[in-house]
Amino acid sequence: MGIIVKNITHIYSEGLPHETTALDNVSFEINDGEFVGIIGHTGSGKSTLLQHLNGLLKPKSGSIIVGGTDITDPACKLRDIRRKIGLVFQYPEYQLFEETVARDVAFGPKNLGLTEEETEMRVKEALGLVGLSYDELKDKSPFELSGGQKRRVAIAGVVAMKPEVLILDEPTAGLDPKAHRDILDMAEEIHEHEGNITILVSHNMADIARLCDRVIVMDKGHVALAGTPKEVFSDEKRLTDIGLSLPPVSYLMHRLNERNADIKADIMDIDAACREIQRFLGEKG
Amino acid sequence: MIRDITLGQYYPGDSLIHRLDPRIKIITTIAYIAALFIADGFIGLATSAAVIFIVTAVSRVPLSFIMRGLKPIFFIIIFTFIINLFMIPGETLISLFWGLTITKEGLRTAVFMAVRLVLLIIGSSLLTLTTKPISLTDGIESLLKPLKVIKVPAHELAMMMTIALRFIPTLLEETDKIMKAQQARGADFESGNIFHRAKSLIPILVPLFISAFRIAQELAMAMEARCYHGGDNRTRMNAMKMRAGDFVFMVLTLAFIGIIICERYFI
Ligand SMILES: Nc1ncnc2c1ncn2[C@@H]1O[C@H](COP(=O)(O)OP(=O)(O)O)[C@@H](O)[C@H]1O
Ligand SMILES: [Mg+2]
């Protein structure tokens, strides 16, 4: 199931004094099974874009085709779209509301009209996938959990709907380094386990470089750059102009490359960087 | 969109009206509303309408923007119009089915009342459209100050209003976000019977209340961290001061009220 976004434009509060063009003629494609990263500074339109992908917002113009159906078509059933596309908002823990963890996670599957048994199975599976123990937590109130755990429960609430596309909007914002790593490992694991399309918005370039097959760079409502992490992070000047940076390893390799052109610049993971530096030092003897 | 509600909203600008002292604006608005109900004839209402349109033009707030705020109240206006039209006894103008009659007095009252309501809404919207919420509450505080002798907590009331006004957009935004997040989980707020719909509000209301309490707590901490301790001996950064323009506006308003009173009692 691929996603094709064609020339979408979105204007908030059109006609009012505070009108903002949040998306301006945005186009891109996402192929089946891809892990896609979206980067861009705050206010560049990332969240607006994500909300279009599952029909929460309608574009002023343009079309979005998900698995062959045009979801901007008014005749299209939103319920079917939301079954296919799971969107985890920024700070999703603020949307928890049920008395127990299990019931909160079950909210989505129940809305899909699944039976009790199916729902319970989904809840178990989803909590497992986000790395929480069903037996320990199922009867706890979600409000007693730690910040990182709350966030996982909230993500499980969407994962339990088994979406074919899982969208995570800055899932690690405000978490400590360990919880940060856990959440991303979890995203990677779910991606591998479910074979779904995963779309990740993040400000952490190292994460994007490590996890993504492709990167889309947003700037002021436009797609500024798109391509594999290698392609995108090779255009350092463009990225810094937009106000973004390179992943640290990539930054180091670019600086070394400036000093000595023998060192390759397009390296993003630490091990490869070590090998490259050792190779260079070895050659010099 | 939930954010597009214009009633009570501020329309940024720098017109003569925007720059008036908020106290003057509050008093003249109250006077204007009173005048609308004193006005009892064609001349009075026509003058009132002319006055408000002139003020609107001077304020440079687009009329279309004000009218947008009228939309939610449109139903009430139509409703009062119809009630007045049929319910007031008097000289029959047209007889309809079921014994419904439109009388001359009914027609007159209906039209006048509708015009009054529209002008009243335009007038009071202009106050909030041209005055920043903060100035508005400052104005109210200053006007309530004399009541301190009878133990009216003017400062506290004004502070509560300031906070409420400040957080209305924040809470609307929050509601919008929560609704979207629950919709993304397949929640449906639009179909089903009334019980079903009421129940579907729980996933919005619980997180909303939690957010509201969180915001309130954070605000209280921030205020305490900056040594807020109530209104006693508090001075202001922007002290309100009456200027020539304010006096002129006051005099014009008095003249307007004069016309309305003359029209009612002497013509
Ligand atoms: N609900 C909304 N109403 C009005 N303007 C909005 C709303 N949401 C976002 N915007 C504006 O749209 C632009 C893009 O915002 P957003 O998509 O949230 O960016 P990002 O997620 O990249 O930070 C910003 O200028 C923002 O102020
Ligand atoms: Mg965002």
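Think of each chain on its own: its residues are numbered from 1, step by step along the sequence as written. Both sets of labels track the order of writing: A upward for chains, 1 upward for ligands. Thresholds applied to this predicted model are a pLDDT of at least 70 for local features of residues and 80 or more for the giving and counting of side-chain atom pairs; totals over whole chains, interfaces and linings are not thresholded and use all residues. Heavy atoms throughout the structure, all of them, feed into the side-chain values; hydrogens and water do not.

Let us look at the overall build of chain A. Helix and strand counts for chain A come out as twelve helices and ten strands. A radius of gyration in this sense is built from C-alpha atoms; the matching globule rule multiplies 2.2 Å by the number of residues raised to 0.38. At 21 Å, chain A has a C-alpha radius of gyration in line with the 19 Å of a compact globule built from 285 residues. Structurally, chain A occupies a C-alpha span of about 70 × 50 × 35 Å along its principal axes. Nonlocal contacts in chain A, meaning residues at least 24 apart in sequence, comprise 62% of its contacts between residues at least 6 apart. In these tables, accessible area is a Shrake-Rupley quantity obtained with a 1.4 Å probe, and a residue counts as shielded only by the protein chains included in the view. When the accessible surface of chain A is totalled, it reaches about 12,900 Å², and 48% of it is carbon and sulfur. This count recognises Lys and Arg as positive and Asp and Glu as negative, with His and chain-terminal groups excluded. Charge positions are represented by NZ for Lys, CZ for Arg, CG for Asp and CD for Glu. If the 33 positive side-chain charges of chain A are averaged to one point and the 46 negative ones to another, these points end up 1 Å apart. Comment: elements are numbered from the N terminus, with helices defined as DSSP H or I runs of at least four residues and strands as E runs of at least two. In this description, contact between two residues means that some pair of their heavy atoms is separated by no more than 4.5 Å.

One widely used convention gives an interface's size as the accessible area the parts lose upon coming together. All names here are of chain A. Domain boundaries in chain A define domain 1 (1-76 + 164-229) and domain 2 (98-160). Either an automatic procedure or a domain database provided the assignment from which the domain bounds are taken. Each of domain 1 and domain 2 was reduced to a C-alpha centroid, and the two centroids are 24 Å apart. Taken together, the 13 residues of domain 1 in the interface contact ten residues of domain 2. We define buried area as the total accessible area lost by two parts upon association, computed with a 1.4 Å probe and summed across both. Interface area, domain 1 with domain 2, both sides summed: about 930 Å², of which 70% is carbon and sulfur. Any Lys or Arg side-chain nitrogen found within 4 Å of a carboxyl oxygen on Asp or Glu counts as a salt bridge. Viewed at the interface, domain 2 and domain 1 are joined by one salt bridge. In this structure, the salt-bridge partner of R152 is D182, at a minimum N-O distance of 3.2 Å. Pairing of N or O atoms within 3.5 Å defines a polar contact, subject to two protein rules: one partner must be a possible hydrogen donor and the other a possible acceptor, and residues neighboring in sequence count only if both atoms are side-chain atoms. Scanning the region where domain 1 abuts domain 2 turns up three residue pairs in polar contact (both at pLDDT 80 or more). Looking at the side of domain 1 that touches domain 2, the elements that each hand over two or more residues are β7 (165-169) and α7 (177-194). It is α7 that provides the largest number of residues to the side of domain 1 that touches domain 2, a total of six residues. Residue composition of the side of domain 1 that touches domain 2, grouped by class: eight nonpolar, two polar and three charged. Gly counts as polar in this scheme, as do all residues outside two lists: the nonpolar Ala, Val, Leu, Ile, Met, Phe, Trp, Tyr, Cys and Pro, and the charged Asp, Glu, Lys and Arg.

Applying the stated criterion across every chain, the model contains 19 salt bridges over all chains. Several salt bridges converge on common partners, so that one network encompasses E125, K162 and E194 of chain A.

Bringing a negative patch on the surface into the picture now. Among the surface-exposed residues, E116, E117, E118 and E120 of chain A lie close enough to one another that they form a single negatively charged patch. The rule is simple: take the accessible area with a 1.4 Å probe, protein chains only, and divide by the maximum for that residue type; under 20% is buried, over 50% is exposed, in between is partly exposed. Judged by its relative accessible area of 56%, E116 of chain A falls in the exposed class. Each patch is assembled from residues with relative accessible area greater than 30% and no salt bridge, linking like charges that lie within 9 Å and nonpolar side chains (Val, Leu, Ile, Met, Phe, Trp, Tyr) that lie within 5 Å.

Attention shifts here to the sheet that holds strand β4 (residues 61-66) of chain A. Residue and element names in this part refer to chain A. Here, a strand pair is defined by DSSP locating no fewer than two bridges between the strands. With antiparallel pairing, the four strands of this open sheet are ordered in space as β2-β1-β4-β5. Strand pairing shows two members of the sheet lacking a second neighbour, β2 (20-30) and β5 (69-70), which therefore form its edges. Here strand β1 (residues 3-12) pairs with β4 via five bridges, running antiparallel. Bridge pairing links V5 to I64 in β4.

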